[in-house]
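Letter by letter, the chains look like this.
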Amino acid sequence: MVWTRVMVWTRVMVWTRVMVRTRVMVRTRVMVWTRVMVWTRVSPTSSYEERWYGPECLLPAAMRSDGVDQSDDVDQSDGTDQSDGMDQSDGVDQSDGVDQSDGTDQSDGMDQSDGTDQSVSTYQQLPAEQPEGDHLQASLSCCRQPPPPPPRPHTHRGVSSREEAQRAETPPCSAAQLTEDPNRLPGSGSSLLNHQDGTSRSLVGSGLQVQVQRDGEIQSEIQSEIQSEIQSEIQSEIQREKMKPQHQKQIRVLQLNNQQNLERTLFRLEQGFQLQFRLGPSLQGRPVSLHTNYPATGQGFERTCFRVLDWVKPTGGRDDDSDKFCCLDLQLAGSFHFHYSLGDGGRCGGGYLVVDPVLRVGPEDQVLPLDCITIQTYLSKCLGTLDHWPQRLQVAKETGYNMIHFTPLQTLGVSRSCYSLADQLNFNPEFSPEGRSYTWEDVGSLVERMKREWNMLSITDVVYNHTAANSPWLVEHPECGYNLVNSPHLRPPWVLDRALSHLSSSVASGRYVAKGLPADISSEAHLNHIQECCDSLKQRLNELNGQQYHMVHQHQEQAANCIVGNVVYERLANHGPKLGPVNDKNPLVTRYFTFSSSEVMTLDQELQLLDQADQACHFLAHNGWRYTEITARHFHGIRLDNCHSTPLHVAEFMLAVARRVCPNLYVVAELFTGSEDLDNVFVTKLGITSLIREAMSACDSHEEGRLVYRYGGQPVGAFVQPRLRPLVPSIAHAMFLDISVVKEERVYPGWRATAPPGSAGETCAHTGITAGKRALNILHQELAAQGFIQVYVDQVDTDIVAVTRHCPSTHQSVVTVSRTAFWDIKTHQYPPTTPPMFIPGKIEEVVFEARMVERHAGSYKRDDEVINGMPEYTVEIKEHIAEITFQKLTPGSAIAFRVSLDPRAQQVVRVLRSHLTQFSPEYHEGSSPDTHPPAGLRTPLAQLMSQLTLADLNVLLFRCDAEEAEDGGGSYSIPGWEKLRYAGLQGLMSVLAEIRPNNDLGHPEGSSLVRLLALGSVQMCGVGRFPALPPLSSALEDVPYRLSPITGQKEQCCVSLAAGLPHFSSGIFRCWGRDSFIALRGLLLLTGRHLEARNIILAFAGTLRHGLIPNLLGEGRAARYNCRDAVHLHPHLHPAPPPCTPTPHLHPPLHPAPPPATSPGRAARYNCRDAVWWWLQCVQDYVTQVPQGLDILRCPVTRMYPADDCEPCAPGEVGVIFRERGAGPKIDQHMRDEGFNVSIKVDPETGFVTGGNRFNCGTWMDKMGESERARNKGMPATPRDGAAVEIVGLCKSALRWLVQLHQEGLFPYHGASVSFWVSGDAQDPIETRPDLVHKHHIYKDSHGASSAWCDYQLRPNFTIAMVVAPELFLVDHAWKALEEWLWPVGYFLRAKLLFSKKLGPEVHQQTVTLVKHVLSRHYTHLEGSPWKGLPELTNENGQSCPFSCETQAWSVSTILEVLYDL
């Protein structure tokens, strides 16, 4: 024992605190106290293994580095034990802020990197209803993980000799100590009592216990300062929690759809998460009620009590079902049910939520993550009396376990099975010594002290599905069990059970010796006779159950296999108990369904009792019990024994009772259903936290590796997931646990650190594989606590498995290589060599290497009193090795490496994470600032993005392959995949959305239907290598310019609208007049891109010719422009200065320059009658929707064709007549010669705009025939000459607007009906051709067509007229016509909404529901499409059309307009 004395005579206190917006808190404090004498005993080791989740973890980063300056006062260079001679196994962290190099103060309690502690704490969301102290614990428990331990000298044993000597000084806890000192357990490392003399005291949060020589004034000041600092930090943390921004909360979104049964789908969540329920496509627009039994804030959980959740509408009450949601802030653990219904109808879907409990250990209740659990099972009956439990349980504590599983502690039945309970309510009297009667309260006190002092939790079993045969309660209440009266379907198994029992008795009596089956079954021949007997039974059962063969076949196979397998294990297997001869105590097959009567009867006599109700009710013992409250009151968790055969309604009720007693109840179970889908039924309804996966069930290393990979965590390289993402199905949290219910009555050995190998009744670090288990347990806990959540399993060869645990934040890995020994090493020939392994990165250290070795300690001899192991085997283990000597990996060996990136890569990753912190604070961990960032990274991305124009965003996010090809490039191709849809970021995002496990890119919150559609403006608007639009007037000052990539001269670079991608994205087919103006309102005006809309309108205004705008602009060919041609869009308005509001560009606006020598427009085709009316509608929409929209009428326009050269009309006629330039096959190889003649007039009888002929395509819906064989070449299949209904509507809209402008004094002219309605009445005077009427109550598609039958086609164009000129339509006629399902969907839905308002609120609400339902299908397509758009065409029933553009401008635009109208 060495004593040191340190005296410090100075005191300096310096506080510095800096708060910046990124929540990085920098604070330094140097505290050195005057005249404090510190006496310390120097002990031999530093117990790093258990300090990883000690009380230090509860303190904020700044407090842990300076709360009390320990580096000035205490020499810690050699692992000083400062706990008054007791083992520091309580997990106290002494690593942060303490100089451990040589015992002298070199850091003043500060990080030596830059003199300040720059740790950042990441907090999780806390329940608002908890008291403030709980808030602190919940938030600080995950503040920061401790640094990895420094390398230590290795030893060939689990612990050093000096540590053993220290532990030897700690006497085992006697019965007297258990009673007299209830605050102390052996090996706890500290006493929590505040002694009256004040000589021993635990400094809160410091993890350091010292002997302080009393100085009243100084001691008071120290304590006051510490308490003041802690209280101040508590209040600060609570305040920070209250002010935590919403984006830091973990949010999951569950989409609900009609008739969706999710009850077999496991959804796991954590406390503090927010769950949002959103409507899927099949429910949007419908009245959905969502019910849940998750209680409201402040109320308790009642399993059968449901409440209706309110819908939250982020858009402020608008009818947008893609955004509204119900939410639950999850603060309770357990299983919670939800279901939803339509209106007053029945349920249309539902499921369960499983919220994990929060487990806490230690005196400060620090969080124990589920992945940190290491559990040891104890057969309770083998622990002896309660007085000896601490000493025997200490073995688990010293072996590194943090959870103990007790088999049931109740009174056992006559079978002495650990799970056969005779009395479920009373503590087993066997645990009380003579003269003492322990109770459940005594057990609960021990369990609580283990939690507080050993950091160990405790769970035990509940058995609901069976009880002991001699249970008094069963005799008194036989009706509570399954019996042959209340469950007659159990008669067959009862008969089978009794028959097997009588067979066993017959074998035991020697009745079958003559047939080759003696009572002593000791050979394969005997086994064959049993197999023959089982086969005979199966054959007889087949005869009896021929009609139900397929149903019972599997049960028969399992029954036969179980009987044979049970006999093999119990009597023949080397690893089995070898029970010996069959007798009443050890029957051939254990009774399962029945218990024997005191009266000896034959099988025939027993069968006669089946029909006697008073006798039959006593035969089966299969009960659930009300003893759950006792278990939940005294333990932290329960294991559901035989969960798969426990009635679900019984277990649900019992667990609800248990969680009322223990809200954070840890529930584990093992299921033998053979189906993960069926497992989920139990997990979801019961709220099972962890499912036991029996590692022992693996037959070889391949299966073991599969289990680890399946249940061990995320795969290495998994995507970083955002806080807000969809809720996806989970697999149950796995616990690898082997439970073998053996017939054992001996007691466990106790712990004594200095016990020699093979010592009877004692265990130490050398015993068996104790050291190896400890090393693995500590490593497991350390990796889980430090975020090593990713797993990779490498099957090196048949027996060697390498398991990698990876931390995605630090990019460190621990690789454990094991050479398994599934086969007997004495008989199996293992390969003499091991294949090489490539471990990328830098090996920091060998964490441990261990192997099984034989030693000369004598052979195994069974101890009759104490459970003893095999003394001839032990583990040779070396830990924290700096030098690797790797020669031979023998079976039963393991080695673990700590691997990191090479230093250069580490620095690059840290810098990268530092730059990523602008997107999420989660990246701060493992980051370091970039001291010399490139110029492009010095500005936050958000600031850079705000400076981009629409054209820039188009290049960054989209541009398909054809658009890129104009610049000599293209979209990227992924080998083995395909070419990306876009060259911009969306191309890669679409691929990631398919391969990303959780597919969070289509999240409703981040991409609602409106947002997805609005992206169409970025998707479709761009500037290629060649400008697609004619130049605007040089008098406009806010037109974007660039240097031409071809000529190097300045040129205008206004964005144009692509008609569709990928077919209409570049070249001559990019810019269509009709398509641009059908799409312009939705994509540009409604999204607020007013400048781009204005430029497109003015550019096409310059192309006016013959009173038309071109259908297709074409490409420029030596065009010459003259600025004298500039006119105003409306010359009659008073001129005003052109708008010149500056807009952000990558290149600032330049002074007007002469237009380039080439530009679009010279190959333009003026062959459509409707484009100009769509253009006029957009001018009207711009004026009415854009602030100061009238200014566009004063803007100058550069005319391409200032002199109109169309043929003059006859006197009194209004219209244009001309022949297309270049008419012939050069511009259209399919059109007949007559089709190039364009004639547009106003019908003097109707006032309708009419024109065209049966050989040309004048509207959007015409499709020119191309087949000589079909004889339709040069003839549209459905010609639309005459007055097209949508043109009439657009014309009326324009006239109505001009009349309004005239009334307001803004337009100088004033001025200006045959019906389109088909009534079906033959006497209707308006109907001129009743012989052509084939559908009633529709609107004609045209009027006055050259082929009269064309007028009577049912086509969707009238919906356009309804929207732009509703005054043309009678409400009742319009509503009847809209009962048909028509395209274009956008205008159909808009017309439906418009006229429904005129028919009353009820009809309108029904229409809104219909519209939402239709739009939900578009939403679904948008989310799943890699193009992130809506197609041009679909085939029947919405099926994909291979010839369609994948995303079409007008498709996106018109749906966006519907949402605007909603």
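Residues numbered from 1 in each chain as written. Predicted model: local features only at pLDDT ≥ 70, side-chain atom pairs only at ≥ 80, totals over all residues. Heavy atoms only, no water.

A count of helices and strands for the protein chain gives 34 helices and 51 strands. Per-residue burial for the protein chain yields a buried fraction of 51% across its 1462 residues. Accessible area for the protein chain stands at about 67100 Å²; split by element, carbon and sulfur atoms hold 54% of it. (Helix = DSSP H or I, 4+ residues; strand = E, 2+ residues; numbered from the N terminus. Buried < 20%, exposed > 50% of the residue type's maximum accessible area, 1.4 Å probe, protein only. Areas by Shrake-Rupley, 256 points an atom, 1.4 Å probe, with all protein chains shown as cover.)

In this section: the pattern of salt bridges. Following the criterion strictly, the structure yields 38 salt bridges and no others. Between Glu-744 and Arg-746 there is a salt bridge; the shortest N-O distance is 2.8 Å. The class for Arg-746 is buried, based on a relative accessible area of 8%. (Salt bridge = Lys/Arg side-chain N within 4 Å of Asp/Glu carboxyl O.)

This paragraph deals with the sheet that holds strand β46 (residues 1249–1251). Judged by pairing direction, the sheet is antiparallel, and its 3 strands sit side by side in the order β44-β45-β46 without closing on themselves. The open sheet terminates on both sides in strands that have one partner only, identified here as β44 (1215–1219) and β46. Along the sheet, successive strands turn relative to each other by an average axial angle of 15 degrees, direction set aside. Relative to strand β45 (residues 1237–1242), β44 runs antiparallel, the two being bridged by 5 bridges. Among the inter-strand pairings, Ile-1217 is bridged to a residue of β45, identified as Ser-1239. (Pairing = 2+ DSSP bridges. Axes fitted to C-alpha atoms, helices over the stretch in contact; angles between N-to-C directions.)

Attention shifts here to the sheet that holds strand β10 (residues 274–279). Overall, mixed pairing links the 4 strands, which are arranged β13-β10-β7-β27 in an open sheet. Only two strands of the sheet have a single neighbouring strand rather than two, namely β13 (325–329) and β27 (724–726). For this sheet, the mean inter-axis angle between neighbouring strands, taken without regard to orientation, is 25 degrees.

Relative orientation of the contacting elements helix α32 (residues 1385–1397) and helix α33 (residues 1401–1424) amounts to 165 degrees, with a least axis distance of 8 Å. With respect to α33, the element α32 is oriented roughly antiparallel. The element α32 and its partner α33 pack so that their crossing is left-handed. Together, Val-1385, Leu-1389, Lys-1392, Leu-1393, Ser-1396 and Lys-1397 of α32 and Val-1403, His-1404, Thr-1407, Val-1408, Leu-1410, Val-1411, Val-1414, Leu-1415 and His-1418 of α33 make up the contact between the two elements. (Parallel < 35°, antiparallel > 145°, perpendicular 65-115°, else oblique. Left-handed = near helix turned anticlockwise from the far one by under 90°. Contact = heavy atoms within 4.5 Å.)

In this section: a nonpolar patch on the surface. On the surface, a cluster of nonpolar side chains totalling about 560 Å² of accessible area is made up of Phe-919, Leu-941, Leu-944, Met-945, Leu-956, Leu-985 and Met-989. For the nonpolar patch, the elements supplying multiple residues, two or more each, are α20 (941–945) and α23 (985–995). Take the nonpolar patch: its biggest share by element is 3 residues, from α20. Relative to the helices and strands, Leu-944 resides in helix α20. For Leu-944, a relative accessible area of 32% translates into the label partly exposed. (Patch = residues over 30% accessible without salt bridge, like charges linked within 9 Å, V, L, I, M, F, W, Y side chains within 5 Å.)

Position of Tyr-1387 relative to the elements: it lies in helix α32. Taking the relative accessible area as the measure of exposure, Tyr-1387 reaches 6% and is therefore buried. Along the backbone, Tyr-1387 and Pro-1356 are 31 residues apart, and their C-alpha atoms lie at a distance of 8.6 Å. Residue contacts for Tyr-1387: discarding those within four places in its chain leaves Trp-1174, Thr-1359, Ile-1360, Val-1363, Thr-1454 and Glu-1457.

One pass over the full model with this rule turns up 17 aromatic pairs. Where Tyr-294 meets Phe-336, the ring centres are 4.7 Å apart and the plane angle is 65 degrees; that geometry is what we call edge-to-face. Within this pair, whereas Tyr-294 is found in the loop between β11 (288–292) and β12 (307–308), its partner Phe-336 is found in strand β14 (residues 334–342), the two being separated by 42 residues in sequence. Tyr-294 sits in the buried class, given a relative accessible area of 5%. Centre to centre, the rings of Tyr-982 and Trp-1427 are 5.2 Å apart; their planes meet at 75 degrees, and the pair counts as edge-to-face. A network of ring pairs unites the aromatic residues Trp-389, Phe-406, Phe-427, Phe-431, Trp-440 and Phe-635 as a single cluster. The cationic tip of Lys-324 hangs over the ring face of Trp-311; the distance from NZ or CZ to the ring centre is 5.1 Å. (Phe/Tyr/Trp six-rings, centres within 6.5 Å; stacked < 30°, edge-to-face > 60°. Lys NZ or Arg CZ within 6 Å of the ring centre and 35° of its normal.)

This next bit is on the pairing of β10. When you tally the buried positions in β10, you get 6 out of 6 residues, the bulk of the element. On β10, burial covers both faces: Gln-274, Gln-276 and Arg-278 on one face and Leu-275, Phe-277 and Leu-279 on the other are all buried. Note that strand β7 (residues 251–256) and β10 share 6 bridges and pair parallel. Paired with Arg-252 across the two strands is Leu-275, which belongs to β10. In this sheet, β13 lies alongside β10 in antiparallel orientation, the contact comprising 5 bridges. Its bridge partner being in β13, Leu-275 is matched across the sheet by Leu-328.

Here we take up the pairing of β45. Relative to β46, β45 is paired through 3 bridges, and the arrangement is antiparallel. Bridging across to β46, Lys-1241 finds its partner in Thr-1250. The loop that links β45 with its antiparallel partner β46 comprises 6 residues; one of these, Gly-1247, has a positive phi angle of about 80 degrees.

Ranked by internal contacts, the top residues of the largest apolar core, which has 116 residues, are Phe-1077, Leu-1080, Ile-1097, Phe-1100, Trp-1175, Tyr-1339 and Met-1362. If you tally residues by element for this core, the top one is helix α28 (residues 1171–1185), at 9 residues. Discounting residues that sit within four places of it in the chain, Ile-1097 has contacts with Phe-1077, Leu-1080, Trp-1175, Cys-1178, Val-1179, Tyr-1182 and Ile-1192. (Core = buried A, V, L, I, M, F, W, Y, C linked by side-chain atoms within 4.5 Å.)

Take unusual backbone geometry next. What you tend to see is this: most non-glycine residues have negative phi, and most peptide bonds are trans. Note that the residue after Leu-1061, namely Pro-1062, is joined by a cis bond; omega there is 5 degrees. Located in the positive-phi region is Gln-259, a residue other than glycine, with phi close to 55 degrees. For Gln-259, the location among the structural elements is in the loop between β7 and β8 (260–262). If you check the backbone angles, Gln-1188 has positive phi at about 55 degrees while not being a glycine. Among the secondary structure elements, Gln-1188 is positioned in the loop between α28 and β43 (1196–1198).

Summing up the model confidence of the protein chain, the mean pLDDT is 74 and the portion of residues at 70 or higher is 72%. This stretch, residues 1131–1159, has a pLDDT under 50; its non-local contacts, to residues over four places away or in other chains, come to 49 contacts. (pLDDT = per-residue confidence, 0-100.)

Glancing now at helix α21 (residues 950–957). When we look at burial in α21, the residues that qualify are Leu-950, Ala-951, Asp-952, Leu-953 and Asn-954. Looking at the residues trailing α21, positive phi occurs at Arg-959, about 70 degrees.

On to the packing of helix α15 (residues 648–661) against helix α16 (residues 676–686). The interhelical angle for the contact between α15 and α16, taken along N-to-C directions, is 35 degrees, at an axis separation of 9 Å. Here Leu-648, Ala-651, Glu-652, Leu-655 and Arg-659 of α15 lie close against α16, whose contacting residues are Val-681, Phe-682, Lys-685 and Leu-686. A breakdown of the residues in the contact of α15 with α16 according to their chemical character gives 6 nonpolar, no polar and 3 charged. (Nonpolar A, V, L, I, M, F, W, Y, C, P; charged D, E, K, R; others polar.)

In this model, helix α19 (residues 903–916) (14 residues) spans 20 Å end to end at C-alpha, consistent with the 20 Å of a helix rising 1.5 Å per residue. When we look at burial in α19, the residues that qualify are Gln-906, Val-909, Val-911, Arg-913 and His-915. Contacts made by the buried residues of α19 are with β34 (842–854) and β36 (893–900). (Expected span 1.5 Å × (residues − 1).)

The residue Gly-761 is located in the loop between β29 (750–751) and β30 (762–763) in this model. Of the residues examined, Gly-761 reaches a relative accessible area of 26% and is grouped as partly exposed. In the structure, Gly-761 is positioned 11 residues away from Gly-750 in sequence and 6.1 Å away in space, judged by C-alpha atoms. With near-sequence residues (within four places) excluded, Gly-761 lies in contact with Pro-749, Gly-750 and Val-866.

This next bit is on the side chain of His-915. Here His-915 is to be found in helix α19. A relative accessible area of 17% means that His-915 is categorised as buried. Leaving out residues up to four positions away in the same chain, His-915 has contacts with Asp-930, Pro-933 and Leu-937.

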